[in-house]
Amino acid sequence: MATRLKPVDAVTIGVGLTGSLAGLELTGAGLTVVGLERGAPRDTVPDFQSPSIHDELRFSIRKAMMQDNVKVAVTFRNTSDQTALPIRRWESFLPGQGLGGSFVHWNGQSFRAQAADFIYRTHHLERYGQKFLDACGPDLTIQDWGVTYDELEPHYDRFEYLIGVSGTAGNIKGKILPGGNPFEAPRSRAYPNPAQKEPYFGAIFRKGAESLGYHPYPQPSSNLSRPYTNPLGLKMEACVFCGFCERYACEHYAKGSPQTTILPILLKNPKYELRTGCEVLRINLDSTGKKATGVTYVDAAGREFEQPAELVLICAFPLNNVRTLLLSRIGKPYDPKTGEGVVGRNYSYQTTGGAIIFVDDSININPFMASGACGTMIDDFSGDNFDHKDLGFIGGAYVGTIMTNGRPIEFHPTPPGTPRWGLEWKKAVARHYNHTIVITQLGTSQSCRANYLDLDPTYKDAWGRPLLRMTFDFPENDIRMAQYISDKGEGIARAMGGKTIVRVATKRPYTTTVYQSTHNAGGAVMGTDPKTSVVNRYLQCWDVPNVFSLGGAAFPQNITYNYSLTIGALTYWALEAIKNKYLKSPGPLA
């Protein structure tokens, strides 16, 4: 029997980026807020300090910061006629767990989406027509977001200044500026901090890209280029290029994580209460099924509690947002056979690729001197920055030298033909470790009818609830796109003077056994039509208006870029609607 607790104004399921922002904004509006986090409490001191935070075996290999998939896994299959099996080791993507969520172990790669991304279907119909879209894939289910870039721009700006992004602006109020990204959507002002210093491998990429007529620019980064005080008065420090960023927390207060930019203020607010070690079992609904009354959760001691609340915000990793909705019976589950239903629909991932360049002994890369987001890149082939008319696909990818580490277990590049173990392998690692450049491409992933999320009929978690089941493979459109961009990356690699080049591109079937990207998206998408979206343009559930689903689950299809900044902007957008509209007149906002 669950113990009923004192009611509060709002509860967040998860205390990562979106949960921290929600707590900060709603307590600022005078609400009492409880944040429920399934993982442990943790802070920069003492939890993130060296030498323990640089334990590569613990954090990179054993995934100490990730969701405990002994208790809660995800099952996977490529197609709906296969039997899904549990993912027992996180490899392809890395859902975070613990206070701060995945924003603790992110790399800090900080991009805005393009203006066309938010009117994705409309943009492609207007530029290319329905016949072209049908040729790209009649099963594609791409759609507009229900919000525009211009509406989100102030929230992008606010979020960049909160986390202290370092970068070089390429477009301020429509004026193209030298040194930045000429393809970016207009921004209202410059980045809060200048770009990080360009590494040697970035300078080599820049020279090669420019020789081909492309437009290189420094990667925008939430690994800070200089000391900075954010609008909340929290001080951040400059990145020291330790090489332990992705999969790790930052010991130097130099990365835009919640522990550095939000939580020190939030946790002091008397209207906010953090509870860790709490697994939310479900969102509770009243007898009509149209209003949430709060949540039921189990604490670390196994005790069950009911937390009444007037407002419920789902702030978990995208896959867990979708699972929470399904377990709580909010929204109609998606059926790929009929195309009806919305929860689980339009799940998408991310395409990857690039090239590995083995260079001459005289070129020393020093890969161990790295930050999570320091590189040089081009956007010439991102999104719809290039003409797709005769290419047979939509979407694109950025291309750049983004080398985040030279750690001894993970980074040991060797050219084709090298033995996989033994003395000759060791010699090859020693020979090439300091003389290898990695080109990365990261690109769009289109939603399609066959890819979706639902509840597994067989496998259950530690509390007896069905696991989330993922049915996914890359649509042919994405394969064609990834191969095309890989050709461009290979061309840059040759212009960089590589002696040996290994080309890499997304291929089928998708596998969960190799890391690709943590940018899972969709499944609880936003839009203007309840028949094709779970939440409206303010991330409010159509069926239960006092429940909001924040984060990457709202993306109708995945964008070219790392999606953290867009999640931050959408979160601010939704919270402004809650504060300025919903609290004044609770009910549907659209």
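Presented here is an overview of the structure given in this document.

Scoring rules and cut-offs
Residues numbered from 1 in each chain as written. Predicted model: local features only at pLDDT ≥ 70, side-chain atom pairs only at ≥ 80, totals over all residues. Heavy atoms only, no water. Helix = DSSP H or I, 4+ residues; strand = E, 2+ residues; numbered from the N terminus. Expected span 1.5 Å × (residues − 1). Buried < 20%, exposed > 50% of the residue type's maximum accessible area, 1.4 Å probe, protein only. Contact = heavy atoms within 4.5 Å. Pairing = 2+ DSSP bridges. Salt bridge = Lys/Arg side-chain N within 4 Å of Asp/Glu carboxyl O. Polar contact = N/O pair within 3.5 Å; in protein donor to acceptor, adjacent residues only side chain to side chain. Phe/Tyr/Trp six-rings, centres within 6.5 Å; stacked < 30°, edge-to-face > 60°. Lys NZ or Arg CZ within 6 Å of the ring centre and 35° of its normal. Axes fitted to C-alpha atoms, helices over the stretch in contact; angles between N-to-C directions. Parallel < 35°, antiparallel > 145°, perpendicular 65-115°, else oblique. Left-handed = near helix turned anticlockwise from the far one by under 90°. Nonpolar A, V, L, I, M, F, W, Y, C, P; charged D, E, K, R; others polar.

### Some thoughts on helix α6 (residues 149–163)
An α-helical turn contains 3.6 residues, so a residue and the one three or four places further along point in the same direction. The first and last C-alpha atoms of α6 sit 20 Å apart over 15 residues, in line with the 21 Å expected at 1.5 Å per residue. Of all 15 residues that make up α6, eleven are buried, and the element is covered over most of its length. Turning to α6, the residues buried within the fold contact α1 (17–28), β9 (228–229), β10 (235–236), α8 (258–261) and α13 (564–582). Count one or two residues on from α6 and you reach Gly-164, which has phi positive near 75 degrees.

### Focus on the pairing of strand β20 (residues 466–471)
Within β20, five of the six residues are buried, leaving the element largely enclosed by the surrounding structure. Pairing of strand β4 (residues 74–77) with β20, which is carried by four bridges, proceeds in the parallel orientation. From the neighbouring strand, Val-74 faces β20, where its bridge partner is Leu-468. Across five bridges, the pairing between strand β19 (residues 452–460) and β20 is antiparallel. Across the sheet, residue Leu-455 finds its bridge partner in β20, namely Leu-468.

### Here's the deal with α1
With twelve residues, α1 should cover 16 Å at 1.5 Å per step; its first-to-last C-alpha distance of 17 Å lies within 8% of that length. In terms of burial, α1 is a largely internal element, eleven of the twelve residues being buried. Every buried residue of α1 is listed here: Leu-17, Thr-18, Gly-19, Ser-20, Leu-21, Ala-22, Gly-23, Leu-24, Glu-25, Leu-26 and Thr-27. After α1 finishes, the residue Gly-30 shows a positive phi value of roughly 95 degrees.

### Focus on the side chain of Thr-324
Structurally, Thr-324 can be placed in helix α10 (residues 318–328). Beyond its immediate chain neighbours, meaning those up to four positions away, Thr-324 contacts Ile-13, Ile-283 and Ile-314.

### Structural notes on the pattern of salt bridges
Where charged atoms of side chains with opposite charge meet at close range, the side chains can pair. The full count for this structure, using the stated rule, is 34 salt bridges. In this structure, Arg-4 and Glu-306 form a salt bridge, with 3.0 Å as the shortest nitrogen-oxygen distance. Of this pair, Arg-4 sits in strand β1 (residues 3–4) while Glu-306 sits in strand β14 (residues 304–314), and the two are 302 residues apart along the sequence. Through salt bridges that share partners, Arg-38, Glu-279, Arg-323, Asp-461 and Arg-465 make up one connected network.

### Here's the deal with the side chain of Thr-75
Topologically, Thr-75 is positioned in strand β4. Polar contacts involving the side chain of Thr-75 include one to the side chain of Asp-456, which spans 2.8 Å. Among all residues touching Thr-75, those that are not within four sequence positions of it are Ala-84, Leu-85, Pro-86, Ile-87, Asp-456, Tyr-459, Leu-467, Leu-468, Arg-469 and Met-470.

### Observations concerning the sheet that holds β20
Strand order in this open sheet of four strands is β5-β4-β20-β19, and the pairing throughout is mixed. The open sheet has two free edges, formed respectively by β5 (85–86) and β19, since each of these has just one partner strand.

### Examining the pairing of strand β12 (residues 279–285)
A large share of β12 lies buried, amounting to five of its seven residues. For β12 and strand β13 (residues 292–298), the ladder comprises six bridges, and the chain directions are antiparallel. Residue Glu-279 lies in a different strand from β13, and its bridge partner there is Val-298. Counting the residues in the hairpin turn of β12 and β13 gives six residues, including Gly-289, whose phi is positive at 75 degrees.

### Observations regarding the packing of aromatic side chains
A full pass over the atoms with the stated rule returns 34 aromatic pairs. Ring geometry for Phe-118 and Trp-145: centres 4.9 Å apart, planes at 65 degrees, overall edge-to-face. Of this pair, Phe-118 sits in the loop between β5 and α4 (120–127) while Trp-145 sits in the loop between α5 (130–136) and α6, and the two are 27 residues apart along the sequence. Accessibility assignment for this pair places Phe-118 and Trp-145 in one class, buried. Centroid distance Phe-411 to Tyr-433: 5.6 Å. Interplanar angle 75 degrees. Geometry classified as edge-to-face. With a gap of 22 residues between them, Phe-411 in the loop between β17 (397–401) and α11 (423–432) and Tyr-433 in the loop between α11 and β18 (436–443) connect regions that are remote in the sequence. In this structure Phe-411 comes out as buried when scored by relative accessible area, which is 10%. Site record: aromatic cluster; members linked through ring pairs are Phe-76, Trp-90, Phe-93, Tyr-347, Tyr-349, Phe-472, Phe-474 and Tyr-510. One residue, Arg-247, lies across the ring of Tyr-515, its end atom 5.1 Å from the ring centre.

### A word on the environment of Thr-27
Secondary-structure assignment places Thr-27 in helix α1. Owing to a relative accessible area of 5%, Thr-27 belongs among the buried residues under this scheme. For Thr-27 and Gly-443, which are 416 residues apart along the polypeptide, the C-alpha to C-alpha distance reads 37 Å. Separated by 2.6 Å, the side chain of Thr-27 and the backbone oxygen of Gly-23 make a polar contact.

### Section: the sheet that holds β18
Reading across the sheet, the six strands line up as β8-β16-β17-β18-β15-β21 and stay open at both edges, with antiparallel pairing between neighbours. Two strands lie at the open edges of the sheet, namely β8 (217–218) and β21 (500–505), each paired on one side alone. Across the sheet, helix α7 (residues 200–211) touches β8, β16 (376–378), β17 and β18, and the angle it forms with β16 is around 30 degrees. Taken strand by strand, helix α12 (residues 476–495) contacts β15 (351–358), β16, β17, β18 and β21, and its axis lies near 160 degrees from that of β21.

### Here we look at the packing of α1 against α13
Relative orientation of the contacting elements α1 and α13 amounts to 30 degrees, with a least axis distance of 10 Å. Relative to α13, α1 is oriented roughly parallel. Where α1 crosses over α13, the handedness of that crossing is right-handed. Judged by residue contacts, Leu-17, Thr-18, Leu-21, Ala-22, Glu-25 and Leu-26 of α1 engage Ser-564, Ile-567, Gly-568, Thr-571, Tyr-572, Leu-575, Glu-576, Ile-578 and Lys-579 from α13. Residues belonging to the contact of α1 with α13 are distributed by class as follows: eight nonpolar, four polar and three charged.

### Quick word on unusual backbone geometry
The peptide bond linking Val-45 to Pro-46 adopts the cis configuration, its omega dihedral lying at 10 degrees. Within the secondary structure layout, Pro-46 lies in helix α2 (residues 44–47). Here Arg-508 and Pro-509 are connected by a cis peptide whose omega angle stands at -5 degrees. Residue placement: Pro-509 occurs in the loop between β21 and β22 (547–549). The phi dihedral of Arg-247 is positive, around 80 degrees, even though this residue is not glycine. Assignment of secondary structure puts Arg-247 in the loop between β10 and α8.

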